[in-house]
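# Descriptive analysis of the structure
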Amino acid sequence: MAWMRRIVSVFMVPTVLLSLASCAKDSSPTSSSTDAKQLIKDLNAFKNGDRTIRFKDMPIKVYVDGPSSWKDDVKKWEEWSGGAIRFEFVNSDPEVGIRLKNGIQQPLVCGVTYEPKWDNGEIRKADIEMDLTSYTPLCKQTVAHETGHALGILGHTKNGGLMDGDGGDGKMRDEVKEMMRILYSNPPNTSVDKL
Ligand SMILES: [Zn+2]
């Protein structure tokens, strides 16, 4: 099973409408943690009997076989998770970690992340494939989006932000940042009721 991010001009108009619609919802600070826990349930733990799925050990090893700018895009998750996620870049494909490489054939797809391999709530390996031929400015945030999948976002949001299926407005929503901070501040395989 693969997730694909397709970014073509036809998405631009609905993307703007979505981002405007989400402004009102974001104005309530108390809903952030509740929304984040719901996202963990809906986009992560649903795959594991309502228990969390994440990389166990920090830093997470990442092998980037592509432009070095991709490393900066991966590292955005360190800040977005409030420091709960950390990465170490390595020079070969790690046994446990993330591999980010160039090479998919489908047109108009910026990147694909295959469902991470996991067991007992622990992600062992995630593979991301990017298409450099469609690596246009419109695909600019794709590495960050696909890295989100590799880290355990096993679906898409519908909040107009970067983790929407079409990449939304390209910005990471606070509720998703909080989702990942909570996910990576608790051990793998934690019941969602205990978050
Ligand atoms: Zn996606």
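Quick caveat, the model's predicted, so the values are computed rather than measured.

### A word on helix H4 (residues 142–151)
Burial analysis of H4 places 10 of its 10 residues in the buried class, which makes it a mostly covered element. Buried residues of H4: Thr142, Val143, Ala144, His145, Glu146, Thr147, Gly148, His149, Ala150 and Leu151, and no others. Note on H4: the residue one or two positions beyond its end, Gly152, has a positive phi of about 130°.

### What about the confidence of the model for the protein?
Summarising the model, the protein shows a mean pLDDT of 83, and 80% of its residues fall at 70 or more. Low pLDDT (under 50) marks residues 1–29, which in the prediction has 37 contacts with non-local residues, meaning those over four places away or in another chain.

### Observations regarding the nonpolar core
For soluble globular proteins, the rule of thumb is that nonpolar side chains tend to be buried together. The biggest cluster of nonpolar side chains holds 42 residues, and the ones touching the most others in it are Ile40, Val62, Ile98, Leu100, Leu151, Met179 and Met180. Residue assignment for this core shows that the elements contributing at least two residues are helix H2 (31–43), strand E3 (60–65), helix H3 (69–80), strand E5 (97–102), strand E6 (109–114), strand E8 (122–130), H4 and helix H5 (174–183).

### Let's talk about the pairing of E3
Side chains of E3 alternate between two faces, with Ile60, Val62 and Val64 buried and Lys61, Tyr63 and Asp65 left unburied. By the bridge criterion, 4 bridges tie E3 to strand E4 (residues 87–90) in an arrangement that is parallel. For Val62, the partnering residue across the bridge sits in E4 and is Phe89. What joins E3 to E4 is H3, and the crossover it makes is right-handed. Where E3 meets E5, 4 bridges bridge the pair, whose relative direction is parallel. Directly across from Val64, in E5, lies its bridge partner Leu100.

Here is what the cut-offs are and how they apply
Residues numbered from 1 in each chain as written. Predicted model: local features only at pLDDT ≥ 70, side-chain atom pairs only at ≥ 80, totals over all residues. Buried ≥ 20, exposed ≤ 12 C-beta atoms within 10 Å, placed from the backbone. Helix = DSSP H or I, 4+ residues; strand = E, 2+ residues; numbered from the N terminus. pLDDT = per-residue confidence, 0-100. Contact = placed C-beta atoms within 7 Å. Core = buried A, V, L, I, M, F, W, Y, C linked by C-beta atoms within 7 Å. Pairing = 2+ DSSP bridges. Right-handed = clockwise from strand over helix to strand, strands pointing away.

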